[in-house]
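# Understanding the architecture of this molecule
One-letter residues, chain by chain:
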2 protein chains.
Amino acid sequence: MMVSTKGRYALTVMVDLAKLSDGGFVSLSDIAEREHLSMKYLESIISILNKGGMLQSLRGKNGGYRLARDPADYNISEILLLTEGTLAPVNCIMQDGVQCEKAATCSTLPLWAGLDYVIDKYLSTITLQDIITGNRKKMLGDYCDHCDSDQ
Amino acid sequence: MMVSTKGRYALTVMVDLAKLSDGGFVSLSDIAEREHLSMKYLESIISILNKGGMLQSLRGKNGGYRLARDPADYNISEILLLTEGTLAPVNCIMQDGVQCEKAATCSTLPLWAGLDYVIDKYLSTITLQDIITGNRKKMLGDYCDHCDSDQ
DNA sequence: AATAAATCCTACCACCAAGGTAGGAATATG
DNA sequence: CATATTCCTACCTTGGTGGTAGGATTTATT
């Protein structure tokens, strides 16, 4: 499993906020209730999103969270990258400039690098807006054999 | 991390055998030594490959393993699927016909399904032969800006 | 027949990330 | 002042990862 509940719930929170983005702040308890998720656990996840600049927050009564930007300006890759730390499918992919010592002669490395590239390319193309509008053709590509024709 | 050492080492073993495929049997200790991996650990991994029909084995002195088919007839997806169990990037992807109960109304599911499809499409296109010939253009795609022109 | 070299089989184990839970401090509203 | 909220720190359980250990079985060589 490449993406844990942390990343998945983070995306769920972002989508929830994007759907209700009328400019007001939404409380965490509202989100947790709507999505049927533990509020305490969401707390630790939304904290990452907030510190990462993905959200704006307001403390105190009637406080809550809202998106910092337009839904179309978030790509899925940055959301998952922030919460998961990495999206690399294997741990032999170079990270922070550090690569495997056998990299120069490893014959399987190009495969993993290619896989990593394919994943990141896909996730950085899809936006939050695509998700809330249900852009199936963009998300499912040629796997989508019964998409609406206008997407 | 989607692919653990189990799957990675399994691929390394398959590539090692493919490179030396002159029809003879190769002992596990030879492979372990060449690849600098624990022989005991490889034992448990190669056992999965063997039982899954990927290899042929010969017991006793001068015994060992060899590929059951031509390197071009193995795609990477089947090798990793056998050893990892699943390649799904999240655990909410339908497996063995069982899907999440919220699937019908989940707005993030198409994203995960699309990601799963993209990953499987990539891995099932690449063959063992591609790896041993170093087919960088096929593995790295448009990320490969300095591939040999004949590939 | 003995020995060595190999696969095969079962059991065990340490570590760490995942997936939370708990409790309280700080802050804002009415 | 009471209430609702974010914010912060600490803790905990469980299962998978990444192995290790020891022996039984099979085959080739001498």
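Calculation rules
Residues numbered from 1 in each chain as written. Chains lettered and ligands numbered in written order. Predicted model: local features only at pLDDT ≥ 70, side-chain atom pairs only at ≥ 80, totals over all residues. Heavy atoms only, no water. Near = heavy atom within 4 Å. Polar contact = N/O pair within 3.5 Å; in protein donor to acceptor, adjacent residues only side chain to side chain. Helix = DSSP H or I, 4+ residues; strand = E, 2+ residues; numbered from the N terminus. Nonpolar A, V, L, I, M, F, W, Y, C, P; charged D, E, K, R; others polar. Expected span 1.5 Å × (residues − 1). Buried < 20%, exposed > 50% of the residue type's maximum accessible area, 1.4 Å probe, protein only. Domains from an automatic or database assignment. Contact = heavy atoms within 4.5 Å. Salt bridge = Lys/Arg side-chain N within 4 Å of Asp/Glu carboxyl O.

### Quick notes on the protein's contact with DNA strand C
Around DNA strand C sit 23 residues, and of these Ser38(A), Lys40(A), Leu28(B), Glu43(B) and Ser57(B) come closest. When the atoms of DNA strand C within 4 Å of the protein are grouped by moiety, sugar and phosphate amount to 68% of the total. The backbone of Lys61(A) places a nitrogen or oxygen atom 3.5 Å from a base nitrogen of DNA strand C. Residue Asn50(B) places a side-chain N or O atom 3.2 Å away from a phosphate oxygen belonging to DNA strand C. For the surface near DNA strand C, the secondary structure elements donating two or more residues are helix 1 (5-19) and helix 3 (39-51) of chain A together with helix 3 (39-51), strand 1 (55-58) and strand 2 (64-67) of chain B. Residue contributions to the surface near DNA strand C peak at three residues, all from helix 3 of chain B. Taken together, the residues that form the surface near DNA strand C break down as five nonpolar, eleven polar and seven charged.

### Remarks on helix 1 (residues 5-19) of chain B
All names here are of chain B. For helix 1, spanning 15 residues, the distance from its first C-alpha to its last is 21 Å, which sits close to the expected 21 Å at 1.5 Å a residue. Among the 15 residues of helix 1, twelve are classified as buried, and the element is accordingly described as predominantly covered. Residues of helix 1 that are buried include every one of Gly7, Arg8, Tyr9, Ala10, Leu11, Thr12, Val13, Met14, Val15, Asp16, Leu17 and Ala18, and no others.

### What to know about the protein's contact with DNA strand D
The full set close to DNA strand D counts 23 residues, and Leu28(A), Glu43(A), Ser57(A), Ser38(B) and Lys40(B) are the nearest of them. Per the 4 Å cut-off to the protein, sugar and phosphate atoms form 66% of the nearby atoms of DNA strand D. Side-chain polar atom of Arg59(A) to a base oxygen of DNA strand D: 3.3 Å apart, as the coordinates give it. For the surface near DNA strand D, the secondary-structure elements that each account for two or more residues are helix 3, strand 1 (55-58) and strand 2 (64-67) of chain A together with helix 1 and helix 3 of chain B. Looking at the surface near DNA strand D, its residues break down into five nonpolar, eleven polar and seven charged.

### Details of the domain arrangement of chain A
In terms of domain boundaries, chain A breaks down into domain 1 (5-67) and domain 2 (87-143). Between the C-alpha centres of domain 1 of chain A and domain 2 of chain A the distance comes to 26 Å.

### A look at unusual backbone geometry
Trans peptide bonds make up most of the peptide bonds, and negative phi angles are found at most residues other than glycine. Of note, His36(A) is a non-glycine position whose phi angle comes to about 60°, a positive value. Note that His36(A) resides in the loop between helix 2 (28-35) and helix 3.

### Notes on the interface of chain A and chain B
Between chain A and chain B, the residue contacts involve 38 residues of the former and 38 residues of the latter. Between chain A and chain B we count two salt bridges in total. When contributions to the side of chain A that touches chain B are tallied by element, the ones reaching two or more residues are helix 1, helix 4 (76-84), helix 5 (109-125) and helix 7 (136-140) of chain A. It is helix 5 of chain A that provides the largest number of residues to the side of chain A that touches chain B, a total of twelve residues. A breakdown of the residues in the side of chain A that touches chain B according to their chemical character gives 26 nonpolar, five polar and seven charged.

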